[in-house]
Amino acid sequence: MHVKSNIGIVNALIRITVGLTVLAWSTSKLVKRPWRDSYLVMAMLGGMKVAEGIVRFCPLTALFERGQDMVQEKRDNHNSNDETVEEILPYNPS
């Protein structure tokens, strides 16, 4: 699978910074209360943000772009179908 970067440098640096902050916060809370699962989930989310920043690929952004491409393709197909129908029909002045 070819992973093409879909976020910019500034966005990647922000994701790394925020991810490390969330990771540090959640691990410090996890040391005090290891039975809380919410801190573990937050640590995983922080780690994911750091990884997204390092790789410069966000799966949610890719999914959104793919959906937008599908909508645009559907619109193009719909518009091209309308044009062919208009070309085939004769002009009716009444």
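Attention in this report is confined to the structure presented alongside it. A quick note: this is a predicted structure, and the numbers were derived from the prediction, not measured. (Residues numbered from 1 in each chain as written. Predicted model: local features only at pLDDT ≥ 70, side-chain atom pairs only at ≥ 80, totals over all residues. Heavy atoms only, no water.)

### Regarding the environment of Ser38
Structurally, the position occupied by Ser38 is in helix 2 (residues 37-55). Judged by its relative accessible area of 36%, Ser38 is partly exposed. It is 8.7 Å that separates the C-alpha atoms of Ser38 and Ser26, two residues lying twelve residues apart in sequence. (Helix = DSSP H or I, 4+ residues; strand = E, 2+ residues; numbered from the N terminus. Buried < 20%, exposed > 50% of the residue type's maximum accessible area, 1.4 Å probe, protein only.)

### Here's the deal with the pattern of salt bridges
A complete count under the given rule lists two salt bridges for this structure. Between Arg15 and Glu52 there is a salt bridge, with its nearest N and O atoms 2.6 Å apart. Note that Arg15 is positioned in helix 1 (residues 9-32) and Glu52 in helix 2, a separation of 37 residues in sequence. With respect to class, Arg15 is no different from Glu52; both count as buried. In this structure, Lys49 and Glu52 form a salt bridge, with 3.0 Å as the shortest nitrogen-oxygen distance. On the criterion of helical spacing, the pair formed by Lys49 and Glu52 is a turn pair, its members being three residues apart in helix 2. (Salt bridge = Lys/Arg side-chain N within 4 Å of Asp/Glu carboxyl O.)

### Section: the packing of helix 1 against helix 2
In contact at an axis separation of 7 Å, helix 1 and helix 2 are set at 155 degrees when each is read in the N-to-C sense. In this view, helix 1 runs roughly antiparallel relative to helix 2, as classed from their interaxial angle. The handedness of the crossing between helix 1 and helix 2 is left-handed. Seen from helix 1, the contacting residues are Ala12, Arg15, Ile16, Gly19, Leu20, Val22, Leu23, Trp25, Ser26, Lys29 and Leu30; seen from helix 2, they are Tyr39, Leu40, Met42, Ala43, Gly46, Gly47, Lys49, Val50, Glu52, Gly53 and Ile54. (Axes fitted to C-alpha atoms, helices over the stretch in contact; angles between N-to-C directions. Parallel < 35°, antiparallel > 145°, perpendicular 65-115°, else oblique. Left-handed = near helix turned anticlockwise from the far one by under 90°. Contact = heavy atoms within 4.5 Å.)

### Describing the side chain of Ser26
Looking at where Ser26 falls in the secondary structure, it is placed in helix 1. Overall, the relative accessible area of 0% leaves Ser26 in the buried class. Excluding its chain neighbours within four sequence positions, the residues that come into contact with Ser26 are Tyr39, Met42 and Ala43.

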